[in-house]
Amino acid sequence: METLLQALPALGDAFALILQVKVLGFLALGVVMGLCIGVFPGLGGIAGLSLLLPFMFGMDPILGLALMIGMVAVVPTSDTFASVLMGIPGSSASQATVLDGFPLAKRGEAARALSAAFASSLFGGILGASFLTIFILVARPIVLSFGLPEMLMITILGLSMVAILAGRVAIKGLAAACLGLLVGTIGEADAGGSLRMATYDIPYLTDGLKLVIVGLGIFAIPEIIALLRQDRAISSTPELGAGWLEGVKDWWKNIWLSVRCSIIGVVVGVIPGLGGSVVDWIAYGHSVQTTKDKSNFGKGEVRGIIGPESSNNAKEGGGLVPTLLFGIPGSGSMAIFIGAVALLGSGQIEVGPAMLKNNLDITYSIVWLLALANVVGTLLCIASSGVVAKLTTIRFTLLAPFLFMLIAFAAFQSGQNFGDLVALFAIGLIGIFLRRFDWSRPAFLIGFVLSNPVEKFTNQAFQIARFRFRDSTTAGLEYIFSPIVIVLIIITVVSVVIGIRQAKSILAEGEVSSGSKRAPFIFLGLITAYLVAAYWNASLISDRLMGDKVIPMVVAGIAILCCIVLAVQMMRRPETDPVFADREVDGDDAKAAHGLWPTLAWFGLLLALSGLVGFILALAVFLVSFLRVRAGLNLMKALVYAAGGIAFMCAMAWSLNRDFPPGLLQSYVNLPWPLT
């Protein structure tokens, strides 16, 4: 009762904060942006939030949160368009929806499939927000008792979950998470200032890589390149058909399935690191198991839509539990969310126990913004279904250059340095190969995000424990092995054991064919070479600065061991084994009309020209050339489309008071804005 009385004023303050016209306006803007992002297959909430991240700096906290929550909430709803109308997963959270949604659309029942999905998404989103409200009330006293050992242990729990439950070959997930951790340690160490995999001769690397660049490079660029290579319209059937009411009736008939799958979504969302790449498959499996007649699944069974769609929206509420309460990302989008919250206002908001203690009203504002965004997003998706269905008939080749334009601009805003564009290209290349060879990208990203907390909590806990041990061994052991830490150790061990058994059934990157040894082996060799270089580099740090070297060395050592095991498996197993997963063997990538390198060269052209003549001049040349040569438009249309893209870019930069990447030309010639 006392806890409830303490929370009631914060609940009232939260309602006062969100029920402002300006806040609701930013929420609606975020919902619209989320709808636009979700419609394009492969982008999802990670890419959307990465685009917003550069503009969060100094923004009013409640307005920035409304914008981000609006986008996060609607993407799992709007990505249904791509899954149902195109047969392409709109994001990792809607892979299972394709199995029955697309067959329904091909039968002329797209409206039924969409309405069942939207109703399920709305219900799941509201249930997830309700759970979060109750959980914060119950868990707040427990969370506030968490110290450094507890925070370190729950961080390790998050890493262990994402590493083990992130792919068919569990050891690949562990290696990917370790690789992300090591990439996150690049630059100056927080404790002693030692340089890791960086040099003062290249000042850009001393500050480390920015989250926005890693998020866009690992997720957005690989998916855009993959779709662009296919050179086709996203969908060929703009008609939705009838059945809007029938889909809602289907959901109501299966309300208890929706309830159960929503609870599954919440629970999976709470577990750090699982997120959208897992939850829809678990819910789909539950839908199959609880249906008497299983013969219709994969051919247009509406229960195969209701289950996954209920769970993937509910998981956003669950994912906010570890994010808000512990500062541990529950999914890839939550990883970006953590970085964005730190940029808001004057930096006084920090997710974790401090947020519950000092900003409980902000915490509840996030919860109810999430619920409200689900309602607004669902209504907007229903209203825009007809228009979206027609937009999907546009060739992706006409959309890709403008997506490249937005991504390059967003990446530059993270550090206002041309090195940002170079880093974006390099990380994008890593993302392309991680996707190709079925190395878990969510594991990599969450490893990157958690690299700083792991190092910080380890060093600080070690320092305090050392002083406790000076007093007595008992005091030191009591500090390290508190009851909460012991429980978390047990949960971590159990999770790893269960995860290893279930890893083969979890397809974080979808179904990837096998059949070639050479390319996967070469990629493994390159990864191993980097890991060895990182280990050697960290070993050169003075022993006086042990806090700067121990984490990179331990992580690199574990990753090298994983790669050795993988190498042994590759030498002993046949080419058809999942360890040799390669998208270029079979599937859409293998049958694509264009090769990887010629397609990637277009993006490289934009970045190279930007380094020579500045972003706007480079963009003009890039857009006209791409639309004329690759898209096959006549010169007049190419010029008009390019002018429209440049005008949009300039309007956005002017309204947000942002600059464009300069080139060598700007060093010698004084040009007016926006050419400067």
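Residues numbered from 1 in each chain as written. Predicted model: local features only at pLDDT ≥ 70, side-chain atom pairs only at ≥ 80, totals over all residues. Heavy atoms only, no water.

Caption draft 1: Focus on unusual backbone geometry. The residue Asp 438 is not glycine, and still its phi comes out positive at about 65 degrees. Considering the arrangement of structural elements, one finds Asp 438 in the loop between helix 19 (418-436) and helix 20 (441-471). (Helix = DSSP H or I, 4+ residues; strand = E, 2+ residues; numbered from the N terminus.)

Caption draft 2: Region of the structure containing the environment of Gly 431. Within the fold, Gly 431 resides in helix 19. With a relative accessible area of 0%, Gly 431 lands in the buried category. Taking C-alpha positions, Gly 431 is 9.6 Å from Gly 215, a pair spaced 216 residues apart along the chain. Not counting chain neighbours up to four residues away, the residues in contact with Gly 431 comprise Gly 217, Ile 218, Pro 222 and Arg 441. (Buried < 20%, exposed > 50% of the residue type's maximum accessible area, 1.4 Å probe, protein only. Contact = heavy atoms within 4.5 Å.)

Caption draft 3: View of the confidence of the model for the protein. Per-residue pLDDT for the protein has a mean of 78; in total, 83% of the residues score no lower than 70. When mean pLDDT is taken per element in the protein, helix 23 (residues 518-539) scores highest with 92 and helix 1 (residues 2-18) scores lowest with 63. (pLDDT = per-residue confidence, 0-100.)

Caption draft 4: Fine view of the packing of helix 23 against helix 24 (residues 546-572). Contact geometry of helix 23 with helix 24 gives a least axis separation of 9 Å together with a crossing angle of 155 degrees. Relative to helix 24, helix 23 is oriented roughly antiparallel. Judged by the twist between their axes, the crossing of helix 23 over helix 24 is left-handed. Residues Pro 520, Phe 521, Leu 524, Ile 527, Thr 528, Leu 531, Val 532, Tyr 535, Ala 538 and Ser 539 of helix 23 form the contact with helix 24, whose participating residues are Lys 549, Pro 552, Met 553, Ala 556, Gly 557, Ala 559, Ile 560, Cys 563, Leu 566, Ala 567, Met 570 and Met 571. For the contact of helix 23 with helix 24, the class distribution of residues is 18 nonpolar, three polar and one charged. (Axes fitted to C-alpha atoms, helices over the stretch in contact; angles between N-to-C directions. Parallel < 35°, antiparallel > 145°, perpendicular 65-115°, else oblique. Left-handed = near helix turned anticlockwise from the far one by under 90°. Nonpolar A, V, L, I, M, F, W, Y, C, P; charged D, E, K, R; others polar.)

Caption draft 5: Quick look at the pattern of salt bridges. Overall, the coordinates contain four salt bridges when judged by the stated rule. The partner of Asp 582 in a salt bridge is Arg 436, and the shortest N-O contact between them spans 2.7 Å. Placement of the pair is Asp 582 in the loop between helix 24 and helix 25 (596-613) and Arg 436 in helix 19, with a sequence separation of 146 residues. Residue Arg 573 is joined to Asp 577 by a salt bridge in which the shortest nitrogen-to-oxygen separation is 3.3 Å. Given the relative accessible area of 18%, Asp 577 is considered buried. (Salt bridge = Lys/Arg side-chain N within 4 Å of Asp/Glu carboxyl O.)

Caption draft 6: Geometry of the packing of aromatic side chains. Tallying each qualifying case throughout the model produces 14 aromatic pairs. Taking the centre distance of 6.2 Å and the plane angle of 10 degrees together, the rings of Phe 433 and Phe 437 count as stacked. The same class applies to Phe 433 as to Phe 437, namely buried. Taking the centre distance of 5.6 Å and the plane angle of 85 degrees together, the rings of Trp 439 and Phe 523 count as edge-to-face. (Phe/Tyr/Trp six-rings, centres within 6.5 Å; stacked < 30°, edge-to-face > 60°.)

Caption draft 7: Examining the state of the cysteines more closely. Using the criterion set out here, one finds zero disulfides in the structure. The cysteine Cys 563 is free of any disulfide, with Cys 562 supplying the nearest cysteine sulfur at 6.8 Å. On the accessibility criterion, Cys 563 (2% relative accessible area) is buried. (Disulfide = S-S within 2.5 Å.)

Caption draft 8: Region of interest: the side chain of Thr 599. One can find Thr 599 in helix 25. Among the polar contacts listed, one links the side chain of Thr 599 to the backbone oxygen of Gly 595, at a separation of 2.7 Å. A distance of 3.3 Å separates polar atoms of two side chains, one belonging to Thr 599 and the other to Arg 630. Excluding its chain neighbours within four sequence positions, the residues that come into contact with Thr 599 are Ile 225, Leu 228, Arg 229, His 594 and Arg 630. (Polar contact = N/O pair within 3.5 Å; in protein donor to acceptor, adjacent residues only side chain to side chain.)

Caption draft 9: Expanded view of the environment of Ile 306. By the secondary structure assignment, Ile 306 is in helix 14 (residues 303-326). Judged by its relative accessible area of 0%, Ile 306 is buried. In this structure the C-alpha to C-alpha distance between Ile 306 and Ala 117, which are 189 residues apart in sequence, comes to 5.8 Å. Those residues in contact with Ile 306, other than ones at most four positions away along the chain, are Ala 116, Ser 120, Asp 250, Trp 251, Asn 254, Leu 257 and Ser 258.

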